[in-house]
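Single-letter residue listing:
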Amino acid sequence: MENVCPAAKQSLLYFALSSIMFVISFFSASVLGYTSELWALTYWGPALYFCLLNFILRYFLKGFTYEVATRAALLGSVFATGLYFATFDNSFHIFGLYAMAISMFHFSEFFTVALTNPQTLTVDSFILNHSSQYWIAAVTSWLEAGVEYYFFPSMKSYFWLSHIGVVMCIVGELFRKVAMFTAKTNFNHHIILLNPVCVVIYTLVSWMFFNERIFAEEMFLISFFGKQYLEYQKRVSTGLPFIKGVVMDGVS
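These numbers come from a predicted model, not from an experiment.

## A look at the overall build of the chain
At step 1: Scanning the chain for helices and strands turns up nine helices and zero strands.
At step 2: Of the regular secondary structure in the chain, the N- to C-terminal order runs α-α-α-α-α-α-α-α-α.
At step 3: For the chain, with 252 residues in total, the buried portion stands at 37%.
At step 4: Carbon and sulfur atoms make up 71% of the accessible area of the chain, which totals about 15,600 Å².

This is the structure:
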């Protein structure tokens, strides 16, 4: 750990500290029994602890270190909150899984960049401010989940399907992180929520994105490698359905 970027250590510390504080507060009643006092600790305690933690961080930390600490602590609290709701046997279960997945995605992005490419590391590496399109997509999925839960609560009871979404997220994250570690300097949550509308829309949008991206990249590869890439292209497909990339008829 001596050669690890200090920001990586700091982010892990405050993510873990915030998570532990929230877990202790949320699950205290399960261990000690349910009383009016413990009810207040369970549901008001996390908010108070988070405010206290941020006050302490603001007093002792400055600049980049403070910004990293507050973001890591926020994601840690979201993860712990998700863990708590994931223990429920109703629709809050899938919300909990989603909260855990999305918090780990954002935290692991920063942590992986800190380990693989620290010279490019900024607070934007958490990608919490990824883009307006990203947050529009996220808010849309939350709205759909809320509307469907209100009008069609039975749609949110297929936990097995939500768990498949969790597995897909884990596998996707593993591939992404391995790629980041491999490339280093050169380098799906809506199923969890059981959102059929968003799944269809985002699938179409993703297909359009990859179709355009692969076409542009293959044009560059053809210009760089010439016939070598054309021969390679004949042997290896893009691996994505209905996406052929650049098709150059009559080229031998």
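Additional details are given in the paragraphs that follow.
## A look at the packing of aromatic side chains
At step 1: The full count for this structure, using the stated rule, is 22 aromatic pairs.
At step 2: Taken together, the ring pairs connect Phe22, Phe26, Phe27, Phe50, Tyr84, Phe85, Phe88, Phe92 and Phe95 into an aromatic cluster.
At step 3: Lying over the aromatic face of Tyr66, Arg58 brings its terminal NZ or CZ to 4.7 Å of the ring centre.

## Side note on unusual backbone geometry
Negative phi characterises most residues that are not glycine, and trans characterises most peptide bonds.
At step 1: The backbone of Ile127 shows a phi angle near 45°, a positive value even though the residue is not glycine.
At step 2: Along the chain, Ile127 turns up in the loop between α4 (92–116) and α5 (132–151).
At step 3: Of note, the phi angle at Phe242 is positive, near 65°, even though the residue is not glycine.

## Points about the confidence of the model for the chain
At step 1: Across the chain, the average pLDDT comes to 84, with 89% of residues at or above 70.
At step 2: Least confident of the elements in the chain is helix α7 (residues 189–192), whose mean pLDDT is 68; most confident is helix α3 (residues 63–85), at 94.

## What about the pattern of salt bridges?
At step 1: Tallied over the entire structure, the rule returns six salt bridges.
At step 2: A salt bridge links Glu231 to Lys234; the shortest N-O distance between them is 3.7 Å. Placement of the pair is Glu231 and Lys234 together in helix α9 (residues 227–235), with a separation of three residues, close to one helical turn.
At step 3: What you see here is one network of salt bridges that share partners, running through Glu109, Glu173, Arg176 and Lys177.

## Notes on the nonpolar core
At step 1: Formed by 23 residues in total, the largest nonpolar core has its most connected members in Cys5, Tyr14, Leu57, Leu61, Phe110, Leu121 and Phe126.
At step 2: Elements supplying a minimum of two residues to this core: α1 (6–32), α2 (36–60), α3 and α4.
At step 3: Examining the composition of this core, we find that six residues originate from one element, α3, more than from any other.
At step 4: Not counting the four nearest positions on each side in its chain, Tyr14 is found in contact with Leu57, Leu61, Ala69, Ala72 and Ala73.

## Quick word on α9
At step 1: Every buried residue belonging to α9 is among Tyr229, Leu230 and Gln233, and all of these are buried. Around the axis of α9, the buried residues are gathered within 105° of arc, so they sit on the same side. Exposed and facing more than 90 degrees away from the buried side of α9 are Lys227, Gln228, Lys234 and Arg235.
At step 2: Where α9 is buried, its residues contact α8 (196–225).

## As for a nonpolar patch on the surface
At step 1: Taken together, the side chains of Leu52, Phe55, Ile56, Tyr59 and Phe60 define a hydrophobic patch exposed on the protein surface, amounting to about 610 Å² of accessible area.
At step 2: Looking at where Phe55 falls in the secondary structure, it is placed in helix α2.
At step 3: Its relative accessible area of 59% is what places Phe55 among the exposed residues.

## Remarks on the packing of α5 against α8
At step 1: Axis separation between α5 and α8 bottoms out at 9 Å; the angle between their running directions is 150°. As judged from the angle between their axes, α5 and α8 are roughly antiparallel. The residues of α8 that touch α5, namely those facing Ala137, Thr140, Ser141, Glu144 and Glu148, are Pro196, Val197, Cys198 and Tyr202.
At step 2: Residues that form the contact of α5 with α8 fall into these classes: five nonpolar, two polar and two charged.

Rules of the game
- Residues numbered from 1 in each chain as written.
- Predicted model: local features only at pLDDT ≥ 70, side-chain atom pairs only at ≥ 80, totals over all residues.
- Heavy atoms only, no water.
- Helix = DSSP H or I, 4+ residues; strand = E, 2+ residues; numbered from the N terminus.
- Buried < 20%, exposed > 50% of the residue type's maximum accessible area, 1.4 Å probe, protein only.
- Areas by Shrake-Rupley, 256 points an atom, 1.4 Å probe, with all protein chains shown as cover.
- Phe/Tyr/Trp six-rings, centres within 6.5 Å; stacked < 30°, edge-to-face > 60°.
- Lys NZ or Arg CZ within 6 Å of the ring centre and 35° of its normal.
- pLDDT = per-residue confidence, 0-100.
- Salt bridge = Lys/Arg side-chain N within 4 Å of Asp/Glu carboxyl O.
- Core = buried A, V, L, I, M, F, W, Y, C linked by side-chain atoms within 4.5 Å.
- Contact = heavy atoms within 4.5 Å.
- Arc of directions from axis to C-beta.
- Patch = residues over 30% accessible without salt bridge, like charges linked within 9 Å, V, L, I, M, F, W, Y side chains within 5 Å.
- Axes fitted to C-alpha atoms, helices over the stretch in contact; angles between N-to-C directions.
- Parallel < 35°, antiparallel > 145°, perpendicular 65-115°, else oblique.
- Nonpolar A, V, L, I, M, F, W, Y, C, P; charged D, E, K, R; others polar.

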